[in-house]
Every structure is written in C-alpha cells, then in structure tokens.
Amino acid sequence: MEEESCHIPMPLLGSAFPVGSCRKYAEGFHNEGDRAIALGEFYYFTGKAEMAARTVEPYLDSKEMAQALSAALICTFANLSRGHIHLAQFAMNEVSKELPALCREDAPLESRAMAAMISTAASVLLHLPIPTVLPLEDYIRYLPTGQQLWAWYLLAHRAYLKENYERSLAIVDMALSMYIEVFPIAAIYNHLVAVMDLMSLKRPEEAKTHFLAAWKLAKPDDLIEPFAEHHGLLQGMVEIFFKKAEPEEYRRITEITYTFSAGWRKLHSLETSKNVADNLTTTEFTVAMLYSRGWTKKEVASHLEISVSAVKKHVEIIYEKLAITDKKQLKEYMLQ
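Presented here is a report on the structure given in the accompanying data block. Bear in mind that the values here come from a model prediction, so they are computed numbers and not experimental data.

1. With respect to the overall build of the chain
Helices and strands together make up the secondary structure of the chain, namely 17 helices and zero strands. Its C-alpha atoms give the chain a radius of gyration of 19 Å, near enough to 20 Å, the size a compact globule of 336 residues would have. Across its three principal axes, the chain shows a C-alpha extent of roughly 60 × 40 × 35 Å. Taking all 336 residues of the chain together, 57% fall into the buried category.

2. Here we look at the side chain of Thr283
Structurally, Thr283 is set in helix α14 (residues 282–292). Its relative accessible area of 17% is what places Thr283 among the buried residues. Apart from residues no more than four positions distant in its own chain, Thr283 is found in contact with Glu239, Lys243, Tyr250 and His314.

3. Considerations on the environment of Lys216
Tracing the backbone through its elements, the reader meets Lys216 in helix α10 (residues 204–218). Distance in space between the C-alpha atoms of Lys216 and Gln67 is 29 Å, their sequence separation being 149 residues.

4. What about the environment of Gly40?
Within the fold, Gly40 resides in helix α2 (residues 32–45). Separated by 142 residues in the primary sequence, Gly40 and Val182 place their C-alpha atoms 21 Å from one another. In contact with Gly40, other than residues within four places in its own chain, are Ala52, Thr55, Val56 and Ile74.

5. Focus: the environment of Phe242
On the secondary structure map, Phe242 appears in helix α12 (residues 237–242). For Phe242, the residues in contact, after removing those within four places along its chain, are Phe211, Trp215, Phe227, Pro247, Tyr250 and Ile253.

6. Observations regarding unusual backbone geometry
For Lys202, which is not glycine, the phi dihedral falls at a positive 60°. Residue class for Lys202 comes out partly exposed when judged on its relative accessible area of 37%. We note that Ala323 has phi near 55°; this positive angle belongs to a residue other than glycine. For Ala323, the location among the structural elements is in the loop between α16 (308–322) and α17 (327–333). Classification of Ala323 as exposed rests on a relative accessible area of 68%.

7. Description of α2
Over its 14 residues, α2 runs 20 Å from end to end, which matches the ideal 20 Å to within 8%, given 1.5 Å per residue. All of the buried residues along α2 are Gly33, Asp34, Ala36, Ile37, Ala38, Leu39, Gly40, Glu41, Phe42, Tyr43, Tyr44 and Phe45. Capping of α2 at its N-terminal end is provided by Asn31; its side-chain oxygen lies 2.9 Å from the backbone amide nitrogen of Gly33. Gly47 occupies a position one or two residues after α2 and carries a positive phi of about 80°.

8. Things to note about the nonpolar core
Within soluble globular proteins, side chains that are nonpolar tend to cluster in buried spots. Counting 124 residues, the largest nonpolar core has Leu136, Trp150, Ile185, Phe211, Phe227 and Leu330 as the members making the most contacts within it. The biggest single contributor to this core is helix α9 (residues 184–200), with twelve residues. Trp150 has contacts with Leu13, Met117, Ala121, Leu125, Ala186 and Tyr189, leaving out every residue within four places of it along the chain.

9. Remarks on the packing of aromatic side chains
For the coordinates displayed, the defined rule picks out 18 aromatic pairs. Ring centres 6.3 Å apart and planes at 85° place the aromatic pair Tyr179 and Phe183 in the edge-to-face group. Residue Tyr179 is classed as buried on the basis of its relative accessible area of 15%. What makes Phe183 buried here is its relative accessible area of 5%. These aromatic residues form a ring-pair network of at least three members: Tyr44, Phe45, Trp150, Tyr153 and Tyr189. Looking at Lys202, its charged tip hangs above the ring of Trp295, at a distance of 5.7 Å from the centre. The side chain of Lys327 reaches across the aromatic face of Tyr291, ending 4.2 Å from its centre.

10. A look at the pattern of salt bridges
As a working rule, side chains carrying opposite charge can pair if their charged atoms are close by. Scanning the entire structure with this criterion turns up 15 salt bridges. Linking Arg23 and Glu27 is a salt bridge whose minimum nitrogen-to-oxygen distance equals 2.9 Å. Among the residues examined, Arg23 registers a relative accessible area of 36% and is labelled partly exposed. Given a relative accessible area of 40%, Glu27 falls into the partly exposed group. Among the salt bridges present, the one from Lys97 reaches Glu94, with a minimum N-O distance of 3.0 Å.

About the criteria used
Residues numbered from 1 in each chain as written. Predicted model: local features only at pLDDT ≥ 70, side-chain atom pairs only at ≥ 80, totals over all residues. Heavy atoms only, no water. Helix = DSSP H or I, 4+ residues; strand = E, 2+ residues; numbered from the N terminus. Rg over C-alpha atoms; globule rule 2.2 N^0.38 Å. Buried < 20%, exposed > 50% of the residue type's maximum accessible area, 1.4 Å probe, protein only. Contact = heavy atoms within 4.5 Å. Expected span 1.5 Å × (residues − 1). Polar contact = N/O pair within 3.5 Å; in protein donor to acceptor, adjacent residues only side chain to side chain. Core = buried A, V, L, I, M, F, W, Y, C linked by side-chain atoms within 4.5 Å. Phe/Tyr/Trp six-rings, centres within 6.5 Å; stacked < 30°, edge-to-face > 60°. Lys NZ or Arg CZ within 6 Å of the ring centre and 35° of its normal. Salt bridge = Lys/Arg side-chain N within 4 Å of Asp/Glu carboxyl O.

Below, the structure written as structure tokens:
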C-alpha cells in the first residue's frame, strides 16, 4: 500500500481490497493513526466490540480530524454493543462538538463532505435527533470513492426509513453499478439495505440474491457485524440462511444483535420518548417485523419455514410482552 496522501474518515470501510485480506489490508496503512483506525474498524466489523473501542480510543482527541471523527463513530457503536452507554454518549458528543467547524463556509469541501457523511451516519443509524448539518447528497462527490459508496448506503437507508422502498432500492442499484473496484464493506451495507427494501416490498426471492451477495463478500473476512446490526430489518433472512446451515455464525450474530440492541435501546430511551420494541427474542422481532408489515401468518410461516401455529404462538407472546392487542399498535413499536 502506498503512503496515504491525506487522512480520510473510516479508511477501511472505504477501501477496495481483495476479499479475504481485510485484516492484512488494515495492517498495511503506513500512518500509525490511520492503521489504528483501520484495525479498530476491522475489529468492529468482525464483532469484536471491546477490541475495537480499545484500539481507537487514543485517537478521540487526535489533531487529525478524520481520525478523531472515525474514532468517535467507532466508539459510539462499539460501546453500544458493550453496554457502556455513558461512553457511547461521550463519543457521540465528540462527533457533535467537532461538526460546526467542519461545516463553515470557508472550510474545504472535503471537510464539509466528511461532516455530512459522519452526521448522517449518526442520525440515520442511531435513530436519534442528531442534526444532519449539511445535506449529504450535495457533498458525496467530494468524498473518496469508497466512502461515496457507503454514503449512498446511508441515503438508501434514510429512504427506507421513510418507507420509500423503491427509491431506496434504486439508490442501491445505481451505487453498486457505479464503481468498477470492489469495496467489500461498503458493498455489504448496500446489499443489506436492498434486502430490507425487497422484503418490505414482499419480494423475498430477489432479497435472497442480495443477501447471498453480501455474505459472499463478508464470510472470508468474518465481517458479521453488519448482519447483526440489521438483523431484525432483514426480516428472517438470517434465520433462513444461518440457523441450520451456519449455526455458529447464527449464534454469534444473534449474540451481537442482543447486546447491540440492548445498548441502543438504553441510549434511545435516554434521548427520546418514543416507544421501541423491547424484550423480544430475535425470532419474535423478525415475526413482529413481518406481521406488522402486512404479511399474513401463513406468509410469515412459509417465509421462515415454520408452522402457522408457531407463528400464531409467536404473535400471542409478542402482544403479551408489549402489552398490545393489534397490528396497528405493533407497528408503532417496530423499528422502521
């Protein structure tokens, strides 16, 4: 790897590297700080939250803004998985504190683009009222190529949250076709949001194609964190492909899902007053997502390859846990 000419946010996420060589690539950054950030990313994306946080914490106060913001973003998400909510809040506040200077009119366009990407990531992925200080769509072209691909994922995810699934899917299709090089991590995220869109459009066979494409990129480097982050939103795909065929991966993904979700809920309850689905198993959450989206019990059973009576029992338990009585109330609880 050649010496980096400048520091970029989340350098590993935005890198093109041969599938299967993720750690080796992260270790190849010449700059010590960039190498530490890249290794922190590697640990995070492979489900090692504690190692990720420990690796990047020294760079929270780095004079290199890209390193400081990357460290803060990694620490926020890693500490949610660790259940260290106060540390996640501290890291998130570090992000917010640095953004105004990057958004000044006299700031370089590259700095403004970095601020737009980081703030959009915090807002969209944490579902918290973090101000998106600059419109990301206006600044994507000033980001490095790999970060552009992840930025398109963020915009697709935002469209998904607004229930504009066709638009979200179009963004993903466009983004994945734009770049000749393969950026494995950014591509995984794009494929997974496509799964979310297609499942919401009740097109499960097409969703399976994108899920398998994501797993083909992820498996050689053990990049399982994105699957855990999106578990419920993938609406049964993790269960279908991993529960029987890849039981160890399923166990790890489920474990990460529980810890990350528990941390997210604690942070969310401190920052907002919105209801969120709590105290559900991963399978119950999946059933709740599908059922709240208008799937019939028979359709849910067919998709998850379980009996209709099992689905009925899951729904009964979900309603009991959430103290609700109908689909309308259920939808209010579900992460959209």
